[in-house]
Amino acid sequence: FDGQVDFYRTYQAPFDYSTVALNKFGKNLLNRKKAAISNGTLIFSDNRQTFTSTGGGDFNIVLGKYKDFVGKTITISYDYIERKSSVGRNSFSTILLADATQITNFYVNAGNKASKTITIPENDEAENLVLRQYYGYVTSAEGDYIVIENLQVEIGNRATEWEEYKEPVVYESSSDGTVFGVEGFFPSTTL
């Protein structure tokens, strides 16, 4: 019996890891440069963003491939600083999507901190995980605006101090899965 096991182990084809890559990110997984905006302008300045309406509107940011987030717990957080609303409404919504299908939605009023933690569920058909901030409920007329600060999406079950997004670094692996030369981002690294 031992000989049969050794024979199997000797001739079993090893897995080739050379097609697998390691991606290194900072703490904040939200790349604001990828924002797709409707019905307005979105201006980023350091940790602050201002959306000015031309009549309703929202913006979407693809966070990454959905399959890379399945089973992970993420936290979305920001500070809702101020708004000008011609309809007098105060709250607006943040939506997390599997492509175009809503996973979760939460509302916040001006002057408050928003934070939502969720574990990403299985979805065999979703390609991308998308963050949408819908301003249309508050900013329904041209010139209406919303200002938020410290918008962040991070791995973990609590909101931490805001950090600027860092472009990812991709490391190739050897056929046995070894990856060389990985150095962390200061102060936080996500692999």
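Keep in mind the model is a prediction, meaning the values are calculated, not measured.

A. Inspection of the overall build of the chain at higher detail. If you tally the helices and strands in the chain, you get one helix and 10 strands. Computed over its C-alpha atoms, the radius of gyration of the chain comes to 21 Å, more than 25% above the 16 Å expected for a compact globule of 191 residues. By its C-alpha atoms, the chain is 80 × 35 × 25 Å across when sized along the principal axes. The buried share of the chain, reckoned over its 191 residues, is 37%. Long-range pairs, those at least 24 residues apart, make up 74% of the contacts in the chain between residues at least 6 apart in sequence. Summing over all exposed atoms, the chain offers an accessible surface of approximately 10,900 Å²; the carbon and sulfur share of this is 49%. Of the side-chain charges in the chain, 18 are positive and 24 negative, and the distance between the mean point of each set is 7 Å.

B. Highlighting the pattern of salt bridges. Enumeration according to the criterion identifies seven salt bridges in this entry. With its nearest N and O atoms 3.0 Å apart, the salt bridge here joins Glu 163 to Lys 166. For Glu 163, a relative accessible area of 7% gives the class buried.

C. Molecular detail of the packing of aromatic side chains. Inspection of every chain in the model, using the stated rule, returns six aromatic pairs. A centroid spacing of 4.9 Å and a plane angle of 90° characterise the contact between Tyr 80 and Phe 92, whose relative ring orientation is edge-to-face. With Tyr 80 in strand S4 (residues 73–84) and Phe 92 in strand S5 (residues 91–98), this pair connects stretches of sequence that are 12 residues apart. Taken as a pair, Tyr 80 and Phe 92 share a single burial class, namely buried. Through successive ring pairs, a cluster of aromatic residues spans Phe 51, Phe 59, Tyr 78, Tyr 80, Phe 92, Phe 106 and Tyr 135.

D. Molecular detail of the environment of Leu 131. By the secondary structure assignment, Leu 131 is in strand S8 (residues 128–134). Each C-alpha atom, one on Leu 131 and one on Thr 54, is 21 Å from the other, the two residues being 77 residues apart in sequence. Sequence-distant contacts of Leu 131, that is, excluding residues within four places in its chain, are made with Leu 30, Phe 59, Asn 60, Ile 61, Leu 63, Ile 76, Thr 94, Ile 95, Leu 96, Leu 151 and Val 153.

E. Spatial organisation of a nonpolar patch on the surface. Together, Phe 15, Tyr 17 and Val 20 make up an exposed nonpolar region whose accessible area comes to about 290 Å². Among the structural elements, Val 20 can be located in the loop between helix H1 (2–11) and strand S1 (21–24). Taking relative accessible area as the criterion, Val 20 reaches 36% and is therefore assigned partly exposed.

F. Representation of unusual backbone geometry. Positive phi, close to 60°, is recorded for Asp 99, a residue that is not glycine. Relative to the assigned elements, Asp 99 resides in the loop between S5 and strand S6 (101–109). For Asn 150, which is not a glycine, the phi torsion comes out positive at approximately 60°. If you trace the backbone, Asn 150 turns up in strand S9 (residues 145–155).

G. Geometry of the nonpolar core. Ranked by size, the top nonpolar core spans 31 residues in total, and within it Tyr 78 and Phe 92 carry the most contacts. At the level of elements, strand S3 (48–65), S4, S5, S6, strand S7 (113–119), S8 and S9 are the ones that each hand at least two residues to this core. Those residues in contact with Phe 92 that sit more than four places away from it in its chain are Tyr 78, Tyr 80, Phe 106, Tyr 107, Val 108, Gln 133, Tyr 134, Tyr 135, Val 138, Ile 146 and Ile 148.

H. Local environment of the confidence of the model for the chain. Of the residues in the chain, 93% reach a pLDDT of 70 or more, and the chain-wide mean stands at 85. Between the elements of the chain, mean pLDDT differs from a low of 45, seen in H1, to a high of 96, seen in S7. Segment residues 1–9: pLDDT under 50, and zero contacts once partners within four positions in sequence are set aside and those in other chains are kept.

What counts, and at which threshold
Residues numbered from 1 in each chain as written. Predicted model: local features only at pLDDT ≥ 70, side-chain atom pairs only at ≥ 80, totals over all residues. Heavy atoms only, no water. Helix = DSSP H or I, 4+ residues; strand = E, 2+ residues; numbered from the N terminus. Rg over C-alpha atoms; globule rule 2.2 N^0.38 Å. Buried < 20%, exposed > 50% of the residue type's maximum accessible area, 1.4 Å probe, protein only. Contact = heavy atoms within 4.5 Å. Areas by Shrake-Rupley, 256 points an atom, 1.4 Å probe, with all protein chains shown as cover. Lys, Arg positive; Asp, Glu negative; His and termini not counted. Charge placed at Lys NZ, Arg CZ, Asp CG, Glu CD. Salt bridge = Lys/Arg side-chain N within 4 Å of Asp/Glu carboxyl O. Phe/Tyr/Trp six-rings, centres within 6.5 Å; stacked < 30°, edge-to-face > 60°. Patch = residues over 30% accessible without salt bridge, like charges linked within 9 Å, V, L, I, M, F, W, Y side chains within 5 Å. Core = buried A, V, L, I, M, F, W, Y, C linked by side-chain atoms within 4.5 Å. pLDDT = per-residue confidence, 0-100.

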